[in-house]
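Residue strings, one per chain:
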Amino acid sequence: MTVLYERRGPVALVTMNRPEYRNAQNSAMTYALDDAFSRAVDDVQVKVIVLAGAGQHFSAGHDIGTPDRDVDKSFDRRAVVWWDHTDKEGGNQRFARESEVYLGMCRRWREIPKPMIASVQGACIAGGLMLAWMCDLIVASDDAFFADPVVRMGIPGVEYFAHPWVLGPRAAREILFTGDRFTAAQAKEWGMVNRIVPREDLEDETFELAGRIAEMPPFGLSLAKKAVNQAEDLMGMRSGMDSVFGLHHFAHAHNAETSKDSLAGESARSMRDAGAR
Ligand code: ZN
């Protein structure tokens, strides 16, 4: 199972389960996550949703190199009404696919009307940040580390461009310009993370917080969540992301024109090696 689902009292625990690949996100995982979140939304017993990653790491990002990489596969599209990407070429293919499985899905999940908590340990890199960011709260273990190194590919950040809103513009520039890893403590100082807990306490502390939230009235929580989302969008998040998605795709296209592929010839291994400082 690519994604595990479990209900513990009022909390649904959704766990990415590809620990052998540091929970790299392929489309199969994306749709399995969507199934799990939909199940949690429809279950009246569930008041809070926790997103976690099995193993040592939360998520190494989008799958750009495992044997189960599935960019050429087609799934039942749910996030946006756009045509299937698999029989298209070039920018048409990339725009269709990324509108659905990356930007579209993260936006869809951000609108889930129940509070969501990301429970993050180890690596939370690039596409992994998107998954943590679309959650309402982030509880990180003290060994968690974060990075968006895609400027190394000539791309101005991952598809769900929340950076300036979740980090502030100054920190957003720093993490993009350097591509460096930053710690849970740094992330908390910038306001991106709610709590840092010892690694061995991560699950308990996440569930403790989830349990307290679960005592509040569900409809009040939904409206409070929507209120903060609306405020973020009034601060330009939604329209900002749309405009940056254009730059993101311009970068993919530039790479495809001038280098080996739309990722500028970078692989999961080369990105990891470059970031292993
Ligand atoms: Zn992309």
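As the structure is a computational prediction, the values presented were derived from the model and not from experiment. (Residues numbered from 1 in each chain as written. Predicted model: local features only at pLDDT ≥ 70, side-chain atom pairs only at ≥ 80, totals over all residues. Heavy atoms only, no water.)

Caption draft 1: View of the confidence of the model for the chain. Looking at the chain, the pLDDT average stands at 96 and 99% of residues meet or exceed 70. Mean pLDDT in the chain bottoms out at helix α10 (residues 268-275), which sits at 78, and peaks at strand β4 (residues 116-120), which reaches 99. (pLDDT = per-residue confidence, 0-100. Helix = DSSP H or I, 4+ residues; strand = E, 2+ residues; numbered from the N terminus.)

Caption draft 2: Representation of the coordination of the zinc ion within the structure. At the metal site, the zinc ion is ligated by E98 (OE), E98 (OE), E159 (OE), H248 (NE2) and H252 (NE2), and these contacts range over 2.1 to 2.3 Å. Sequence spacing among the residues donating to the zinc ion works out to E-x60-E-x88-H-x3-H. On the criterion of sequence distance, the pair formed by E159 in the loop between β7 (145-147) and α4 (163-167) and H252 in helix α9 (residues 237-258) is long-range, its members being 93 residues apart. Residue classification places H252 among the buried residues on the basis of a relative accessible area of 2%. (Donors = N, O, S within 2.8 Å, 3.2 Å for Na, K, Ca; no water. Buried < 20%, exposed > 50% of the residue type's maximum accessible area, 1.4 Å probe, protein only.)

Caption draft 3: The arrangement of the packing of helix α2 (residues 90-110) against α9 in detail. Contact geometry for α2 and α9: axes closest at 11 Å, N-to-C directions at 150°. When the interaxial angle is binned, α2 and α9 end up roughly antiparallel. As for how α2 packs across α9, the hand of that crossing is right-handed. Facing α2, whose interface residues are R94, F95, E98, S99, L103, R107 and R110, α9 presents M237, R238, M241, D242, F245, H248, H249, H252, A253 and A256. Of the residues belonging to the contact of α2 with α9, the class tally is seven nonpolar, four polar and six charged. (Axes fitted to C-alpha atoms, helices over the stretch in contact; angles between N-to-C directions. Parallel < 35°, antiparallel > 145°, perpendicular 65-115°, else oblique. Left-handed = near helix turned anticlockwise from the far one by under 90°. Contact = heavy atoms within 4.5 Å. Nonpolar A, V, L, I, M, F, W, Y, C, P; charged D, E, K, R; others polar.)

Caption draft 4: How the structure looks around the sheet that holds strand β5 (residues 123-125). Across the sheet, three strands lie side by side as β5-β7-β8; this open sheet has mixed pairing. The sheet is open, and its two borders are formed by β5 and β8 (182-183), each paired with just one other strand. Alignment of β7 against β8, held across two bridges, turns out to be antiparallel. Bridged to F145 within β8 is T183. (Pairing = 2+ DSSP bridges.)

Caption draft 5: The sheet that holds strand β2 (residues 11-16), seen in detail. Spatial strand order, β1-β2-β3-β4-β6-β9: six strands in an open sheet with mixed pairing. Either end of the sheet is taken by a strand with one partner, and the two such strands are β1 (3-8) and β9 (195-197). Across the sheet, the axes of successive neighbouring strands diverge by a mean angle of 20°, strand direction being ignored. Relative to strand β3 (residues 48-53), β2 runs parallel, the two sharing six bridges. Counted as the bridge partner of L13 is V50 from β3.

Caption draft 6: How the structure looks around the nonpolar core. Counting residues in hydrophobic clusters, the biggest one holds 65 residues, and the most contacted among them are L33, F37, L51, F146, Y160 and M192. Leave out the neighbours within four places in its chain, and L33 touches V3, V14, M16, L51, W109 and L131. In this structure, V197, L209, A210 and L221 belong to the second largest nonpolar core, which totals 15 residues. (Core = buried A, V, L, I, M, F, W, Y, C linked by side-chain atoms within 4.5 Å.)

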